[in-house]
Amino acid sequence: MDKIVNNKIKLEFLSKGENVALARITIAALVSQLELTLNDLEEIKVAVSEAVSNAIIHGYRNQPEGIVTLIGILAEETIYLEIIDQGIGISDIEKAMEPAYSTDPERTGLGFVFMQSFMDEVKVESKVNSGTKVSLTKKINTENKNRAVS
Ligand SMILES: Nc1ncnc2c1ncn2[C@@H]1O[C@H](COP(=O)(O)OP(=O)(O)OP(=O)(O)O)[C@@H](O)[C@H]1O
Ligand SMILES: [Mg+2]
């Protein structure tokens, strides 16, 4: 992580589907403090939505009593995000991150693919029956900016 942290937020919310939008809007508001391109803003919003959806749908199996923790850090040229659940965990992280792999036959298995293509780094730490932490990093391109308004 960059040494200089300019801002940091931590949000905890119940594992309810409606909180995906809450998480996305919160992070969009946070990163709007930077001079981001609209494209970067959209990519960050998708990555957060995918990680939070996974915590709710898979981590907590759609049970609404779980707690999801979202951390957002703005450093000099980097955005760091963490999405943490105390859910079922992932037994084989490598397999879970394969494109089109899903434990749910109704889903497409593309969440991690989006996170990886939209962010510069995606790190997953997980323990079965204990929970999962997804760490997302994005470097900010401060050139050629087309500043997002909100
Ligand atoms: N927080 C989590 N807790 C437990 N399992 C997870 C978690 N996040 C992901 N997984 C596992 O990793 C698999 C792949 O996740 P990914 O987001 O790529 O696809 P998906 O959620 O199954 O489908 P999609 O995101 O396209 O709807 C999931 O099917 C699930 O088994
Ligand atoms: Mg997913």
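Structure: see above.
In short, a report on the structure.

About the cut-offs
Residues numbered from 1 in each chain as written. Chains lettered and ligands numbered in written order. Predicted model: local features only at pLDDT ≥ 70, side-chain atom pairs only at ≥ 80, totals over all residues. Heavy atoms only, no water. Near = heavy atom within 4 Å. Polar contact = N/O pair within 3.5 Å; in protein donor to acceptor, adjacent residues only side chain to side chain. Helix = DSSP H or I, 4+ residues; strand = E, 2+ residues; numbered from the N terminus. Nonpolar A, V, L, I, M, F, W, Y, C, P; charged D, E, K, R; others polar. Core = buried A, V, L, I, M, F, W, Y, C linked by side-chain atoms within 4.5 Å. Buried < 20%, exposed > 50% of the residue type's maximum accessible area, 1.4 Å probe, protein only. Contact = heavy atoms within 4.5 Å. Pairing = 2+ DSSP bridges. Axes fitted to C-alpha atoms, helices over the stretch in contact; angles between N-to-C directions.

**Considerations on the site of ligand 1**
Next, step 1: Contacts to ligand 1 come from 20 residues, most closely from N54, H58, S102, T103 and T108.
Next, step 2: The side chain of T108 places a nitrogen or oxygen atom 2.6 Å from an oxygen atom of ligand 1.
Next, step 3: Within the backbone of G109, one N or O atom sits 3.0 Å away from an oxygen atom of ligand 1.
Next, step 4: Within the residue set of the shell around ligand 1, elements represented by two or more residues are α2 (38-59) and α4 (111-118).
Next, step 5: With 5 residues, the top contributor of residues to the shell around ligand 1 is α2.
Next, step 6: Across the shell around ligand 1, the residue classes break down as 7 nonpolar, 10 polar and 3 charged.

**Some thoughts on the nonpolar core**
Next, step 1: Membership of the largest hydrophobic core comes to 34 residues, with the highest contact counts inside it found for I44, I79, L81, I83 and L136.
Next, step 2: Elements supplying a minimum of two residues to this core: α1 (19-31), α2, β2 (67-75), β3 (78-85), α4, β4 (121-127) and β5 (131-139).
Next, step 3: When residues no more than four places from it in sequence are discounted, the contact partners of I44 are I27, V31, L36, I79, L81, M119 and K138.

**Some words on unusual backbone geometry**
Next, step 1: A positive phi angle is found at N62, which is not glycine, with a value near 65°.
Next, step 2: Mapped onto the fold, N62 is located in the loop between α2 and β2.
Next, step 3: According to the relative accessible area criterion, N62 is partly exposed, its value standing at 49%.
Next, step 4: In this structure, A100 takes a positive phi of about 70° despite not being glycine.
Next, step 5: Relative to the assigned elements, A100 resides in the loop between α3 (93-96) and α4.
Next, step 6: With relative accessibility at 55%, the residue A100 sits in the exposed group.

**Description of the sheet that holds β3**
Next, step 1: The sheet built from 5 strands is open, its strands ordered β1-β2-β3-β5-β4 with antiparallel pairing. Since the sheet does not close on itself, it has two edges, and those belong to β1 (5-14) and β4, each with one partner. Each strand axis lies, on average, 10° off the axis of its neighbour in the sheet, ignoring direction.
Next, step 2: Bridging between β2 and β3 involves 7 bridges; their strand directions are antiparallel.

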